[in-house]
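Geometric and topological summary
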Amino acid sequence: MQPGPIALEPMGVGDMLDAGFRMWRRDFLKFFLIVLAAIVPVQLVAMVYNFATISTISDGTATYSTSGVLGALAVAIIGWIGQAIGYGAAWTVATRSFVGIDVDWVVALRYGVRRMLPFFGLVILYFLAVMVGLIGLIIGSIFVAVWLSLAAPAFWAEEVGVIKALSRGNQLISGRYWSVFGVAIVAFLISLVLSLVITLPFTPVLSTDSIAVFSMGTALLSIVSGAVTFPIVPIFTTVAYYDGRIRKEGLDVQLLAQSVEEPRPYPEA
């Protein structure tokens, strides 16, 4: 066990942001290794695909062969799998780190692989709900996206099913939507700024007719940017999730630590 970084009392928006940044700094190496293991292979596959299929890059557009459609689909599927495993591992680390449980990043990745399929189900339902929110234009989709944002940390922290996770997220955000919204907006802006700071200086280098430079540069920037920004969503939704449990269920960190178990990367015998 390691000391939990969060105070025992309910938190305001500023407190949640401060707690999230402390978790981010403390577990940065774990999140970085998770990104390397889950995202780097995807970027390498994408880079090879670009070498094989991109014939020219002109005026900001790329020309692909007809046979590259299946390849593009395969790369997309591999990307979705890598993202699901990576986010699952990041949420596993974040939800345990909050209550002082030190989870090895390899164990977190294995657990992400184990629960990948039901997590896909949760993600699909989440995005379907967001698409329904588009009926209310962009504002509606943003509202739904934030409203269901605590379902993922509930899924990984409580080891529940998809429907139960959505129900728990709805329960924990009820009555505190705007505080979670404020945290989400700040986290989004931080992620955007960091991505721009990392990628913009290299944009002139990538504006080239060289497929090799474009593919390798894009892959490297994605890796570096992802290593920095990838944990932001899992960390800050985790803090908001636990703040909801502290407020609504009257739990302190010690009791929460007893209710959250070490992740089981393999099925029980």
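Now for a description of the structure that goes with this document. All values reported here derive from a predicted model rather than from experimental measurement. (Residues numbered from 1 in each chain as written. Predicted model: local features only at pLDDT ≥ 70, side-chain atom pairs only at ≥ 80, totals over all residues. Heavy atoms only, no water.)

Digging into the overall build of the protein
Rules: Every helix listed is a DSSP run of H or I at least four residues long, and every strand listed is a run of E at least two residues long, numbered separately from the N terminus. For every residue, the accessible area obtained with a 1.4 Å probe (protein chains only) is divided by the maximum for its type, and the residue is called buried under 20%, exposed over 50%, and partly exposed between those limits. All accessibility values rest on the Shrake-Rupley procedure with a 1.4 Å probe; residue burial counts only the protein chains present in the view.
A tally of helices and strands in the protein yields 14 helices and two strands. Here the protein, with 269 residues, has 46% of them falling under the buried criterion. For the protein, the exposed surface amounts to about 13200 Å²; the carbon and sulfur share of it is 72%.

Some words on unusual backbone geometry
Backbone geometry places Glu-159, a non-glycine residue, at a positive phi of 55°. Examined against the element boundaries, Glu-159 turns out to sit in the loop between α8 (151-158) and α9 (162-173).

A word on helix α13 (residues 232-249)
Convention followed: Given a helix with a known number of residues, its expected span is that number minus one, times 1.5 Å.
The end-to-end C-alpha distance of α13, which contains 18 residues, comes to 25 Å, matching closely the 26 Å that a straight helix rising 1.5 Å per residue would cover. In terms of residue burial, α13 counts as a mostly covered element, since 14 of its 18 residues are buried. Two residues or fewer past α13, Gly-250 is found with a positive phi of approximately 65°.

Topic: the pattern of salt bridges
Basically, it comes down to this: Only one rule defines a salt bridge in this text: a Lys or Arg side-chain nitrogen within 4 Å of an Asp or Glu carboxyl oxygen.
Throughout the structure, instances matching the rule amount to seven salt bridges. Of the charged contacts, one joins Glu-158 and Arg-168 as a salt bridge, the two residues approaching to 3.0 Å between their closest N and O atoms. Of this pair, Glu-158 sits in helix α8 while Arg-168 sits in helix α9, placing them ten residues apart in sequence. Classification of Arg-168 by relative accessible area gives buried; the value is 6%. In the salt-bridge network here, residues are joined through shared partners; they are Arg-176, Asp-243 and Arg-247.

Some remarks on a nonpolar patch on the surface
The condition that has to hold: Note on patches: the residues involved have over 30% relative accessible area and no salt bridge, like charges join within 9 Å, and the nonpolar side chains Val, Leu, Ile, Met, Phe, Trp and Tyr join within 5 Å.
There is a patch of nonpolar side chains on the surface, built from Ile-185, Phe-188, Leu-189, Leu-192, Leu-196 and Leu-200 and spanning about 550 Å² of accessible area. Inspection of the secondary structure puts Leu-200 in the loop between α10 (177-199) and α11 (203-206). Looking at Leu-200, the relative accessible area reads 52%, which means it is exposed.

Notes on the packing of helix α1 (residues 13-26) against α10
Threshold: A fitted line through C-alpha atoms serves as each axis, taken over the contacting stretch for helices, and the angle formed by two N-to-C directions is quoted from 0 to 180°. Each angle gets one of four labels, with under 35 degrees taken as roughly parallel, over 145 as roughly antiparallel, 65 to 115 as roughly perpendicular, and the rest as oblique. Each helix crossing is assigned a hand: it is left-handed if the near helix lies turned anticlockwise from the far helix by less than a right angle, otherwise right-handed if that turn is clockwise. By the convention used here, residues are in contact when the closest approach between their heavy atoms is within 4.5 Å.
Here α1 crosses α10 at 45°, and the two axes come no closer than 9 Å. When the axis of α1 is compared with that of α10, the two are oblique. Seen from above, α1 lies across α10 with right-handed handedness. Contact with α1, carried on its side by Val-13, Met-16, Leu-17, Phe-21 and Trp-24, involves Ser-179, Gly-182, Val-183, Val-186, Ile-190 and Leu-194 of α10 and no other residues of that element.

Thoughts on the environment of Leu-134
One can find Leu-134 in the loop between α6 (116-133) and α7 (137-147). For the pair Leu-134 and Val-144, spaced ten residues apart in the sequence, the C-alpha separation amounts to 9.1 Å.

As for α1
The following threshold applies: The directions from the helix axis to the C-beta atoms are what the arc is built from.
A rise of 1.5 Å per residue sets the reference length of α1, with its 14 residues, at 20 Å; its end C-alpha atoms lie 20 Å apart and thus fit the reference within 8%. Residues of α1 that are buried: Met-16, Leu-17, Ala-19, Gly-20, Met-23 and Trp-24. What you see down the axis of α1 is that its buried residues fit within an arc of 165°, all on one side.

Details of the environment of Ser-225
By secondary structure assignment, the location of Ser-225 is in helix α12 (residues 211-229). Judged by its relative accessible area of 10%, Ser-225 is buried. Here the alpha-carbon distance between Ser-225 and Val-197, two residues 28 residues apart in the chain, equals 9.1 Å. Those residues in contact with Ser-225 that sit more than four places away from it in its chain are Ser-195, Ile-198 and Phe-230.

A short note on the packing of aromatic side chains
Going by this rule: Here is the rule: rings of Phe, Tyr and Trp (six-membered ring for Trp) pair when centre to centre is within 6.5 Å. Planes less than 30 degrees apart are stacked, more than 60 are edge-to-face, and the remainder are tilted. By definition, being over a ring means that NZ of Lys or CZ of Arg is both within 6 Å of the ring centre and within 35 degrees of the ring normal.
Summed over the entire model, instances satisfying the criterion amount to 19 aromatic pairs. Geometrically, the ring pair formed by Phe-98 and Tyr-242 is stacked, given 4.3 Å between the ring centres and 15° between the ring planes. Within this pair, whereas Phe-98 is found in the loop between α4 (68-97) and α5 (105-114), its partner Tyr-242 is found in helix α13, the two being separated by 144 residues in sequence. Accessibility assignment for this pair places Phe-98 and Tyr-242 in one class, buried. Here the aromatic residues Tyr-87, Trp-91, Tyr-111, Phe-119, Phe-155, Trp-156 and Phe-230 are joined through ring pairs into a cluster of three or more. The cationic tip of Arg-115 hangs over the ring face of Phe-155; the distance from NZ or CZ to the ring centre is 3.8 Å. For Arg-115, the ring lying beneath its charged end belongs to Trp-156, and the centroid distance is 5.8 Å.

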